[in-house]
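Notes for the structure review
What follows is the residue order along each chain.
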Amino acid sequence: MSEVKTRFAPSPTGFMHIGNLRTALYAYLTAKSQGGKFILRIEDTDQDRKVDGAVQVIYDTLSIAGLRNDEGPDCGGPNGPYVQSERLDIYRKYAQQLVEQGDAYYCFCTKDRLAKLHEEQESPDFKGRHGYDGHCRHLPKAEVEALLAAGTPYVIRQKVPQDGVTAYHDVVFGDVSVSNSELQDIVLIKADGFPTYNFAHVIDDHLMEVTHVTRGSEYVAQTPAYILIYRAFGWEHPTYIHLPLIMGKDAEGNVSKLSKRHGSVSFQDMIEDGYLTEAIINYIALLGWNPKTDEEMFTLAELEKRFNPEAINKSPAIFDYEKLLWFNGQYIRKLSADEFYEKALPFIRQAVKNESIDMRKLAALLQQRLEKMTQIPAQLTFFDALPEYSNELYVNAKSKSTLESAPQALAKSIEVLEGLDEWTNEKLYYALKDVAAELGVKANAVMWAVRVAATGTLVTPGGATDILDILGKEESLNRLKNGLARF
RNA sequence: GGCCUCAUCGUCUAGUGGUUAGGACACGGCCCUUUCAAGGCCGCGGCGCGGGUUCGAGUCCCGCUGAGGUCACCA
């Protein structure tokens, strides 16, 4: 058996939909799990949808995600060029061949005629099948020549057989068959001379020796038409791996294709949202594929070994942001202190301008209780300045902190802390424990009062002494005194 | 509407004729604890419906229902 080759063939739209990324991931993993090659091909045949810089977004995303392609416009390869707009001559040549063979034909129908046809078919009393009516199918050769010579605009359409059934085996969906009568005479070459996706991808996949086509399940019913093209050329078609779509659920509980209204859907947006690449990859790998184990934390390298397209599910899966968040928290905790610090610093700086604060200590506190980076600033609002707060914050039943106990705890703490020569978390911790012992109260009661006075905030990253440590002696004492003065 | 396809806890899923239907997220409780998290333990919760086949069906067959896809000179 020849070497496995898969490809990712996105259109340069300017952003990478998460469903697209998953398609790329699965294609990549299909190749790598079998020691094969992964090709990147740019499908830019729609001139109206060209977006500047869009190809770069594709390169960047694959690079960040770690999906290194073995062939492609960026790194070359034996079967280039890998950008469809640079292959126009190739498509034209093959389309020509199909016309000569009688497997395709020129169509001179105007857009107006097509629009009118469409309108008729959409009318309530229309009962026939939809699509092109084959108007130009049987134009006499002489007439075609004349129209061509006159420079009439045209497209080239596939001539599909009127009867019979075309079937294929899909790795995910099993045997799929469609009556040829259901297939349309699809456009192969557009009026502007560019090929359609339908045609270009068949030619390219063959010429680039792609063995496995991984793509979304929206193509399942279209694939027989493509197989007909392969047959017309006498080529063997690749193995098909159609992926179930990724769905989203809205507030009302309605399920539909994952889109903007469900949350961030592009890779870039998710990164900006504070999700880690590793978490995204891990999560989407499991969205529709099961590793046949209860384990679910996988690095890309592990996935490369483990992946098996046979274990892809058929049914569409709903994208669950909650679970992604959980993965993200797991990966944040797995980061080394340095790695986390580097990633967290920009977010810390958003909230903390005070340069004298030990950012590394702060980061260490954050890493233990974070689900995504963007949650950082909101947790740090009290560092630069003590916020307005109500004395009610001093009341906490579980810690046995009351409006009476809090000022006592603060007074004693200030007294003891002022004499503390070494301002470290550890020293602070034992000093406050002693305060509690002297006062004859629970340590929690003292910790609570101190933490509230130091932060004016109910929930904080780190405990009382962690905060004091970072705040420093002078600022801490100021805040504690300020707190005491409120009573 | 025609055609294609799918269907196990709220969500992602394991399951391939005989299981107390397993795991994960979320949710609830407890433990731990210097707040909140994290972590540990426990719990709640599911085979869409109706017919078959079979000694026995989440697993096989048929129908229904529901859901998704597709029917572009977009990919």
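For the structure, check the block above.
Being a predicted model, the structure only gives us computed values, none of them experimental. (Residues numbered from 1 in each chain as written. Chains lettered and ligands numbered in written order. Predicted model: local features only at pLDDT ≥ 70, side-chain atom pairs only at ≥ 80, totals over all residues. Heavy atoms only, no water.)

This part takes up the overall build of chain A. Scanning chain A from N- to C-terminus turns up 19 helices and twelve strands. On C-alpha atoms alone, chain A measures out to a radius of gyration of 32 Å, which is more than a quarter above the 23 Å that the 2.2 N^0.38 rule sets for 487 residues. Taken over the C-alpha atoms alone, chain A extends approximately 105 × 50 × 40 Å along its principal axes. In chain A, buried positions account for 49% of the 487 residues. For chain A, the exposed surface amounts to about 23300 Å²; the carbon and sulfur share of it is 50%. (Helix = DSSP H or I, 4+ residues; strand = E, 2+ residues; numbered from the N terminus. Rg over C-alpha atoms; globule rule 2.2 N^0.38 Å. Buried < 20%, exposed > 50% of the residue type's maximum accessible area, 1.4 Å probe, protein only. Areas by Shrake-Rupley, 256 points an atom, 1.4 Å probe, with all protein chains shown as cover.)

What follows is about the protein's contact with RNA strand B. Close to RNA strand B lie 67 residues, the nearest being E296, R369, Y429, A464 and T465. Among the atoms of RNA strand B close to the protein, meaning within 4 Å, 74% are from sugar or phosphate groups. One of the backbone N or O atoms of L286 is found 3.4 Å from a sugar or linking oxygen in RNA strand B. Y429 is positioned such that a nitrogen or oxygen atom in its side chain is 2.8 Å from a phosphate oxygen of RNA strand B. With five residues, helix α11 (residues 321–334) is the single largest residue contributor to the surface near RNA strand B. (Near = heavy atom within 4 Å. Polar contact = N/O pair within 3.5 Å; in protein donor to acceptor, adjacent residues only side chain to side chain.)

Here the structure, examined in full by the defined rule, presents 23 salt bridges. The partner of R41 in a salt bridge is D204, and the shortest N-O contact between them spans 3.6 Å. Of this pair, R41 sits in the loop between β2 (37–40) and α2 (54–65) while D204 sits in helix α6 (residues 197–207), and the two are 163 residues apart along the sequence. Each member of the pair, R41 as well as D204, is classed as buried. (Salt bridge = Lys/Arg side-chain N within 4 Å of Asp/Glu carboxyl O.)

How two aromatic rings sit relative to each other is given by the distance of their centres and the angle of their planes. The tally for this structure, following the rule as stated, stands at 21 aromatic pairs. Considering the side-chain rings of Y28 and F38, the 5.4 Å spacing of their centres and the 85° angle between planes classify their relative orientation as edge-to-face. Taken together, the positions of Y28 in helix α1 (residues 18–32) and F38 in strand β2 put the pair ten residues apart, joining distant regions of the chain. Side by side, Y28 and F38 carry an identical accessibility label, which is buried. Within the aromatic cluster, the residues linked to one another by ring pairs are Y283, F319, Y321, W326 and F327. (Phe/Tyr/Trp six-rings, centres within 6.5 Å; stacked < 30°, edge-to-face > 60°.)

What the three strands build is an open sheet, ordered β3-β4-β7; its pairing is antiparallel. The two strands at the open ends of the sheet, each matched to only one other strand, are β3 (104–107) and β7 (187–189). If you compare each strand with its neighbour and ignore which way they point, the axes differ by 40° on average. In this structure, strand β4 (residues 155–158) lies alongside β7, joined through two bridges in antiparallel fashion. (Pairing = 2+ DSSP bridges. Axes fitted to C-alpha atoms, helices over the stretch in contact; angles between N-to-C directions.)

In this section: the environment of L25. Tracing the backbone through its elements, the reader meets L25 in helix α1. For L25 and V144, which are 119 residues apart along the polypeptide, the C-alpha to C-alpha distance reads 46 Å. If near-sequence neighbours (up to four positions away) are discounted, L25 is found in contact with L67, I281, I284, A285 and L300. (Contact = heavy atoms within 4.5 Å.)

Moving on: the pairing of β4. Judged by which residues are buried, β4 turns out to be covered on both faces: V155 and R157 on one side and I156 and Q158 on the other are all buried. The pairing of β3 with β4 spans four bridges and is classified as antiparallel. Paired with Y106 across the bridge in β4 is I156.

Quick look at the nonpolar core now. By size, the foremost hydrophobic cluster in this structure holds 103 residues, and its most contacted members are L67, F319, I348, M373, F383, L417 and L480. A per-element tally of this core places α1 first, with nine residues. Sequence-distant contacts of F383, that is, excluding residues within four places in its chain, are made with V352, I357, L362, I467, I470, L471 and R479. Residues Y91, I156, V178 and Y226 belong to the second largest nonpolar core, which totals 39 residues. (Core = buried A, V, L, I, M, F, W, Y, C linked by side-chain atoms within 4.5 Å.)

Right, let's get into the sheet that holds strand β11 (residues 255–257). Taken together, three strands build an open sheet; the order of strands is β11-β10-β12 and the sheet is mixed. The sheet is open, and its two borders are formed by β11 and β12 (317–318), each paired with just one other strand. Here two bridges tie strand β10 (residues 246–249) to β12, and the two strands are oriented parallel to one another. Looking at β12, one finds that M247 is bridged to I318.

Moving on, we get to the state of the cysteines. The final tally for this structure, using the stated rule, is zero disulfides. Among the cysteines around C107, which has no disulfide bond, C109 carries the closest sulfur, lying 3.8 Å off. Of the cysteine sulfurs around C136, a residue in no disulfide, the closest is that of C109, at 3.5 Å. Since its relative accessible area comes to 3%, C136 is described here as buried. (Disulfide = S-S within 2.5 Å.)

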